[in-house]
Amino acid sequence: MKKNEKKEIGLHEAYFIDPSEADKSIFGREVNPTTRRGFLKKSSLLAMAAIVGSNIPFANQMPGGLIPALLADTTTPFKIAGKDGLVYLNDRPVNAETPPHLLDDMFTPAKHFFIRNNGVPPEESSIDVNAWRLEISGESCLNPQSFSIADLKSKFKHHTYALQLECGGNGRSEVSPPAKGNQWTVGAIGCGRWTGVKLKDVLNACGIKDDAVYVGYYGADVHLSGDPSRVVISRGVPMSKALEDETLIAWSYEGEDIPHYNGFPLRLIAGGFPASVSGKWLTKIVIRNKEHDGEKMTGQSYRVPCNPVAPGSKVPNEDMCIIESMPVKSIITYPKSGVTHALGEVFAFRGKAWAGDLSVSDMDISIDFGATWQKAVLKKPVNRLAWQEWEASTKFPKKGYYEVWARATDTNGKAQPIIVPGWNPRGYLNNACHRIAVQVV
Ligand SMILES: Nc1nc2c(c(=O)[nH]1)N[C@H]1C(S)=C(S)[C@@H](COP(=O)(O)O)O[C@H]1N2
Ligand SMILES: [Mo]
């Protein structure tokens, strides 16, 4: 098959992509359509094994770019074990978002929690929970130590918090001019109950020097190049965030082990900040005497211009600032966009709202493209940094096409914009209002 030639495989479309072009096509916009399946380089074999459900013993003899016959022969949609209903944006690395109507539960079930991988996760069968170690070190750590998961569980108090995790790039697909990266629509968000120990309890047990300013994490995933010496991602947070009550080293999500693709057996959780600071497959935390300078902390990664720029501008690295708290945002989770509704009947709808490190104080909805707004009923969060449920109902004045818009306002009085806000080179922080289409008949 020639490169980039499309082949129909049952429900699938597969693209055979020249590995030299892989990065371009993965990080560019062209490999977005959710049905394209490029199995590109040998380093995607782990992902492939996860998809076929077992190891591939002769993997090292498999030609690069070959599509597993299991997929070629089946009409079963592409799926990761334990996940259900996700829309796949990419398979190398695996990235999948949750359609908004599957975010209707108060706490997102593990099977619906989005996946954002920057590299190749450690193979599930190779993870030995009893042998897993977490090292705490760094130049601002007084007594570096290593803990097993059993140590963490026995030495520190357990805590459970519902915490929202949202990818900094959620909403990128609407940015114009477009930005490279996963073209998330609205579903790179989830909120559920994480259980673990407070990061601050563990850091305090190891001693924090007075000059500490930041922490950074390391995980067990492998760089896409396959080079074990290259770090996939190593981000972090300022000490003030690290020492918050809700910042956890977690081993459980919604009462079960964390799903493999979401960081099993251990991950850092710092809700409110971009989810990229919540390190998966956690192996090490360093206490730093300077801003952490790990992979994807510097340059343009997870940064936005310190001052607004014209759309399409090139912004020098020194003018880019690290994203901290995520902005106020909301989604309509019921009903699904595109519903038909009978005129005269009450139209009831609902959703979720969150505001990074803050909470949401008001929720407004509009059925006339923002000309007028009415208040929705907004619930309080179950704890700090958990998303909030809201509901509303309305009647439509006559038959026709409507859009229902939802707009959240945070406790500082900042509301969601109606159109995509503040262009930035990597397409982060799009918190424009979510809208659904309703046909009134
Ligand atoms: N070790 C590791 N941690 C990671 C990542 C990763 O690729 N490797 N991705 C980060 C990013 S960018 C996001 S948005 C969240 C996604 O978490 P999820 O896959 O559980 O939804 O994990 C973060 N932690
Ligand atoms: Mo992310």
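Note that the structure is a prediction, hence the values are computed from the model and not measured.

Considerations on the side chain of D221
- Along the chain, D221 turns up in the loop between β11 (214-219) and β12 (236-238).
- For the buried D221, which has no salt bridge, the nearest side chain bearing the opposite charge is K280, at an N-O separation of 6.8 Å.
- The contact partners of D221, leaving out residues within four places of it in the chain, are G119, V120, P121, P122, V232 and W281.

Observations concerning the pairing of strand β27 (residues 434-440)
- With five of seven residues buried, β27 is to be regarded as a mostly interior element.
- For strand β20 (residues 339-341) and β27, the ladder comprises three bridges, and the chain directions are parallel. Note that in β27 the partner of H341 across the bridge is V440.

Some words on the confidence of the model for the protein chain
- Averaged over all residues, the pLDDT of the protein chain equals 87, while 82% of them reach at least 70.
- Contacts of residues 1-43 to residues separated by more than four positions or lying in other chains number 103 contacts, the stretch itself having pLDDT below 50.
- A low-confidence stretch, residues 72-76 (pLDDT under 50), is modelled with seven contacts involving residues beyond four sequence positions or located in other chains.

Some remarks on the state of the cysteines
- Scanning the entire structure with this criterion turns up one disulfide.
- In this model, C306 is linked to C321 through a disulfide, with the two sulfur atoms separated by 2.1 Å. Taking the torsion about the sulfur-sulfur bond, which here is approximately 105 degrees, the covalent link between C306 and C321 counts as right-handed. Residue C306 is located in the loop between β17 (303-305) and β18 (320-322), and its partner C321 is located in strand β18; the two are separated by 15 residues in the primary sequence.

Here's the deal with the pattern of salt bridges
- What the rule picks out here adds up to 18 salt bridges.
- Ionic pairing is found between K241 and D357, a salt bridge with its closest N-O pair at 2.8 Å. Taken together, the residues span a long stretch of sequence, with K241 in helix α6 (residues 239-242) and D357 in the loop between β21 (347-354) and β22 (360-366) at a distance of 116 residues. Assigned by exposure class, K241 and D357 land together as buried.
- A salt bridge links E389 to K352, with the nearest nitrogen and oxygen atoms 4.0 Å apart. One end of the pair, E389, is in strand β25 (residues 388-394); the other, K352, is in strand β21, with 37 residues separating them in the sequence.
- A network of salt bridges, in which partner residues are shared, links K241, E244, E246, D357 and R384.

Some words on the environment of D104
- Take D104: it is sitting in the loop between β5 (94-97) and β6 (115-116).
- For the pair D104 and I332, spaced 228 residues apart in sequence, the C-alpha to C-alpha distance is 8.3 Å.
- Setting aside chain neighbours within four positions, we find D104 in contact with T333, Y334, R350, K352 and E389.
- Within the structure, the side chain of D104 is placed 2.6 Å from the side chain of T333, a separation counted as a polar contact.

Remarks on the site of ligand 1
- Around ligand 1 sit 20 residues, and of these F114, N118, D221, R267 and K280 come closest.
- Contact between ligand 1 and D221: a nitrogen atom at 2.6 Å from a side-chain N or O atom of the residue.
- Alone, ligand 1 offers 530 Å² of accessible surface; in the complex the protein occludes 100% of this.
- Most atoms of ligand 1, that is more than half of them, are within 2 Å of grid points of the largest cavity.
- Among the residues making up the shell around ligand 1, the classes are represented as ten nonpolar, six polar and four charged.

Thoughts on the packing of aromatic side chains
- Here the structure, examined in full by the defined rule, presents 13 aromatic pairs.
- Taken together, a centroid distance of 4.5 Å and an interplanar angle of 45 degrees make the contact between F396 and Y402 tilted. Each of the two residues, F396 as well as Y402, counts as buried.
- Just above the ring of Y218 sits the side chain of K284; from NZ or CZ to the centre is 4.9 Å.
- R407 extends its terminal NZ or CZ atom over the ring of W373, reaching a point 4.0 Å from the ring centre.

Scoring rules and cut-offs
Residues numbered from 1 in each chain as written. Chains lettered and ligands numbered in written order. Predicted model: local features only at pLDDT ≥ 70, side-chain atom pairs only at ≥ 80, totals over all residues. Heavy atoms only, no water. Helix = DSSP H or I, 4+ residues; strand = E, 2+ residues; numbered from the N terminus. Buried < 20%, exposed > 50% of the residue type's maximum accessible area, 1.4 Å probe, protein only. Lys, Arg positive; Asp, Glu negative; His and termini not counted. Salt bridge = Lys/Arg side-chain N within 4 Å of Asp/Glu carboxyl O. Contact = heavy atoms within 4.5 Å. Pairing = 2+ DSSP bridges. pLDDT = per-residue confidence, 0-100. Disulfide = S-S within 2.5 Å. Polar contact = N/O pair within 3.5 Å; in protein donor to acceptor, adjacent residues only side chain to side chain. Near = heavy atom within 4 Å. Areas by Shrake-Rupley, 256 points an atom, 1.4 Å probe, with all protein chains shown as cover. 1 Å grid on protein atoms, 1.4 Å probe; cavity = no way out; pocket = protein on both sides within 12 Å on 5 of 7 lines; lining within 4 Å. Sits in = over half its atoms within 2 Å of the grid points. Nonpolar A, V, L, I, M, F, W, Y, C, P; charged D, E, K, R; others polar. Phe/Tyr/Trp six-rings, centres within 6.5 Å; stacked < 30°, edge-to-face > 60°. Lys NZ or Arg CZ within 6 Å of the ring centre and 35° of its normal.

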